[in-house]
Amino acid sequence: MDVDTRLLRYFVAVAEEGSLTRAAERLFVSQPALTKQIKQLEAQLGVRLFTRSRTGMALTEPGRALGVRVPALLAGWDQVLRETRSAADRAARVLRVGFMASAANETTPRIIAEFARRRPGWRVDMRQAAWSRPSAGLADGDVDVALLRLPFPGQDTLRTKVLFTEPRWVALPTGHPFAAREVIPFRDLWDEPFVAAPPESGRWREYWLATDERDGRPARIGAVTDRPDDWLSAIANGYGMALAPASAARFYARPGIVYRPVSGVSPSQVGVVWACADDTDPVVQDFVRCCVDNVPRPEETAT
């Protein structure tokens, strides 16, 4: 019997959430559609997987048995897909590079040009990730190497080489009273609403809210966004302000938004990141060397 892996993923979501409503929200599907998919899986297997209770959806004995096996099965299948796609890209001489926002700033084109010189016939496929995936797909095996802002969740399990450091500034609406200041002490921003990355970005979200530099005072969240365009719109519309690399003033200039230096907050780092298993991969290591060899001079990151 063949079962669609999508049905198994729906099953896992309901089992983990214990609620059709929460599982539907997590999967971005309607509750009736999710209910229909669970019933379809039960019909294919010929068993009942859940019983409804006052507290939500409870697994039956067959459901618990399936729940023990399915996560590993799906993880294995995902790994097979990643390895297959990676092999296809390598056969086509394509290096997949994940990145966030402006990647390595003005250094990025130089890195790609140097890689093309070192590896004739190879192509770099730059893949921009949403902020909800702060490893830019590297942790999932969707890319071979990444240019990332540090720190990010799972960083300790990957190889990281810091390329350069730049100050964190603040992006705020032009009409905000603080916009007239030359430099803003971070303490003055503690009570202001901030535009934040999604909660699932974890440590990365906390870093850009500077939660460790607020003396224990929680950040006020005015909006949550997952992409630079939405982030800019939220700030311009007055939903909040946000810490950003100083280079954002160059790469994300927009009417209605100003960028100002902030004192009392640590700087941001950009690094090239790869999987431990690729320490001996000559193509990945060539790209890493291209990044290191093209680290910007201090005047290129100065503001």
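Keep in mind the model is a prediction, meaning the values are calculated, not measured.

1. What to know about unusual backbone geometry
Point 1. A cis geometry characterises the amide bond from Leu150 onward to Pro151, with omega recorded as 0 degrees.
Point 2. With respect to the helices, strands and loops of the structure, Pro151 is situated in the loop between strand S5 (145–150) and strand S6 (158–166).
Point 3. With a phi close to 55 degrees, Asp215 is a non-glycine residue in the positive phi region.
Point 4. Topologically, Asp215 is positioned in the loop between helix H6 (203–209) and strand S10 (220–224).

2. Quick word on the packing of helix H1 (residues 5–17) against helix H2 (residues 20–27)
Point 1. Running from N to C, H1 and H2 point in directions that differ by 130 degrees, and their axes come no closer than 8 Å. With respect to each other, H1 and H2 are oriented oblique. Viewed along their axes, H1 and H2 form a crossing whose handedness is right-handed. Contacts from Tyr10, Ala13, Val14, Glu16 and Glu17 of H1 reach H2 at Leu20, Arg22, Ala23, Arg26 and Leu27.
Point 2. Residues belonging to the contact of H1 with H2 are distributed by class as follows: six nonpolar, no polar and four charged.

3. Describing the pairing of strand S12 (residues 257–263)
Look at any regular strand and the pattern is simple: side chains alternate between the two faces of the sheet.
Point 1. Pairing geometry for strand S7 (residues 168–173) and S12, over five bridges, is antiparallel. Residue Val170 lies in a different strand from S12, and its bridge partner there is Arg260.
Point 2. Looking at chain direction, strand S8 (residues 184–185) and S12 are connected through two bridges and run parallel. Among the inter-strand pairings, Ile184 is bridged to a residue of S12, identified as Val262.

4. A closer look at the pattern of salt bridges
Point 1. This model, assessed by the stated rule, comprises 19 salt bridges.
Point 2. A salt bridge links Arg289 to Asp286; the shortest N-O distance between them is 2.6 Å. Of this pair, Arg289 and Asp286 both sit in helix H9 (residues 282–293), separated by three residues, roughly a single helical turn.
Point 3. Arg289 sits in the partly exposed class, given a relative accessible area of 40%.
Point 4. Given the relative accessible area of 11%, Asp286 is considered buried.

5. Here we look at the environment of Gly63
Point 1. In this fold, Gly63 is placed in helix H4 (residues 61–91).
Point 2. A relative accessible area of 0% means that Gly63 is categorised as buried.
Point 3. Taking C-alpha positions, Gly63 is 19 Å from Ala75, a pair spaced twelve residues apart along the chain.
Point 4. Beyond its immediate sequence surroundings of up to four residues, Gly63 is in contact with Phe11, Arg48 and Leu49.

6. A word on the side chain of Asn294
Point 1. Relative to the elements of secondary structure, Asn294 occurs in the loop between H9 and helix H10 (298–301).
Point 2. Setting aside residues no more than four positions away along its own chain, Asn294 makes contact with Thr107, Arg110, Ile111 and Glu114.

7. Looking at the nonpolar core
Point 1. In this structure, Val170, Phe186, Leu189, Trp231, Leu243 and Tyr259 are the most contacted members of the largest nonpolar core, which totals 48 residues.
Point 2. Of all the secondary-structure elements, those providing two or more residues to this core are S5, S7, strand S9 (193–196), H6, helix H7 (228–236), strand S11 (242–245) and S12.
Point 3. Core analysis: the second largest hydrophobic core is formed by 22 residues, Leu95, Ile111, Val145 and Cys291 among them.

8. Digging into the packing of H1 against helix H3 (residues 31–45)
Point 1. For the pair H1 and H3, the least separation of the axes is 9 Å and the interaxial angle reads 115 degrees. The angle between the axes of H1 and H3 places the two elements in the roughly perpendicular class. H3 is crossed by H1, and the crossing has left-handed handedness. Mapping the contact onto sequence places Arg6, Leu7, Leu8, Tyr10, Phe11 and Val14 in H1 and Leu34, Gln37, Ile38, Gln40, Leu41 and Gln44 in H3.
Point 2. Of the residues that constitute the contact of H1 with H3, the class distribution is eight nonpolar, three polar and one charged.

Rules of the game
- Residues numbered from 1 in each chain as written.
- Predicted model: local features only at pLDDT ≥ 70, side-chain atom pairs only at ≥ 80, totals over all residues.
- Heavy atoms only, no water.
- Helix = DSSP H or I, 4+ residues; strand = E, 2+ residues; numbered from the N terminus.
- Axes fitted to C-alpha atoms, helices over the stretch in contact; angles between N-to-C directions.
- Parallel < 35°, antiparallel > 145°, perpendicular 65-115°, else oblique.
- Left-handed = near helix turned anticlockwise from the far one by under 90°.
- Contact = heavy atoms within 4.5 Å.
- Nonpolar A, V, L, I, M, F, W, Y, C, P; charged D, E, K, R; others polar.
- Pairing = 2+ DSSP bridges.
- Salt bridge = Lys/Arg side-chain N within 4 Å of Asp/Glu carboxyl O.
- Buried < 20%, exposed > 50% of the residue type's maximum accessible area, 1.4 Å probe, protein only.
- Core = buried A, V, L, I, M, F, W, Y, C linked by side-chain atoms within 4.5 Å.

Note that every value here comes from positions in space, so none of it alone points to a role or purpose.
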